[in-house]
Amino acid sequence: MKIIIKKDYDAMGKEAAKYFAEVIRNKPNAVLGLATGSTPISTYKELIRLHEEESLDFSQVITFNLDEYLGLTDDHDQSYRYFMDINLFNHVNIKKGNTNVLSGVTDNPETECREFEEKIKTAGGINIQLLGVGGNGHIAFNEPGSPENSRTRVVDLTKETIKDNSRFFEKVENVPTQALSMGMGTILEAKKIVIIVNKESKAKAVAASIEGPATTDVPASVLQKHSDVIWVIDKGAASLLKDSS
Ligand code: F6R
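As enumerated under the stated definition, the model contains 13 salt bridges in all. Put simply, Arg49 and Glu54 hold a salt bridge, and the shortest N to O gap is 3.2 Å. Assessed through its relative accessible area of 23%, Arg49 is described here as partly exposed. Ionic contacts of the salt-bridge type, sharing partners, join the residues Lys14, Glu46, Arg49, Glu53 and Glu54 into one network.

Take the packing of aromatic side chains next. Tallied over the entire structure, the rule returns five aromatic pairs. Ring geometry for Phe64 against Phe116: centres 5.5 Å apart, planes inclined by 85°, an arrangement best described as edge-to-face. Of the two residues, Phe64 is situated in strand β3 (residues 62–65) and Phe116 in helix α4 (residues 109–122); the sequence distance between them amounts to 52 residues. Between Tyr80 and Phe141 the ring centres are 6.2 Å apart and the planes differ by 20°, which places this aromatic pair in the stacked class. With Tyr80 in helix α3 (residues 80–87) and Phe141 in the loop between β6 (128–131) and β7 (153–156), this pair connects stretches of sequence that are 61 residues apart. Each member of the pair, Tyr80 as well as Phe141, carries the same accessibility label: buried.

The rules we used
- Residues numbered from 1 in each chain as written.
- Predicted model: local features only at pLDDT ≥ 70, side-chain atom pairs only at ≥ 80, totals over all residues.
- Heavy atoms only, no water.
- Salt bridge = Lys/Arg side-chain N within 4 Å of Asp/Glu carboxyl O.
- Buried < 20%, exposed > 50% of the residue type's maximum accessible area, 1.4 Å probe, protein only.
- Phe/Tyr/Trp six-rings, centres within 6.5 Å; stacked < 30°, edge-to-face > 60°.
- Helix = DSSP H or I, 4+ residues; strand = E, 2+ residues; numbered from the N terminus.

Rendered as structure tokens:
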């Protein structure tokens, strides 16, 4: 695993966006795996800048998002579809039909998840996947204990994740308790993974994931088994690493 420590949040975003731009420039119809939450906003800002100022072309790009809350409609302001539209898709020349976000209001979540997996396969697999990390080490909504071979499915959110994410909702009771999420196995099949983390509050999860054993107790630590993972983290998130040279 490659570990890159940047001075702050914006520098982290610029660095992460570089890898995505490189993949898109080498393969204009690249398949991107994307994340939501507070961490990727500076990465998306930089991708938008690269589109506007350095002609980064999204016209053939295909995207798959990691997850979506169960029960939220696409136009709910906390749905991940809404987040992607306002933070990236509306600002680049991507075809909306090429953007895949699981539906949180499907009648049949199992079919939704199966079809999502099939679509990834048909697109040729994910060339580069962006990940954030939860305070408990989760990636996508694969909470501790998620099996390494898990696929896209309905998952229960832990109390800790619900509490963490309540900052985006009016009150904690409004946070959905379930989500649809790509599985650990789905994520591990991406050809390249860029994982971004900022803030000292994530330092423990980062140290356990990079320097601890690879265990499903800390889902991000399982990335140690992947051959092309780049951690792009800020100084705060790196603060508990023993070896941060
Ligand atoms: C979001 C996702 C989550 C977040 C994680 C960190 O699509 O899959 O795993 O990456 O919860 O969230 P933030 O960035 O809000 O700290």
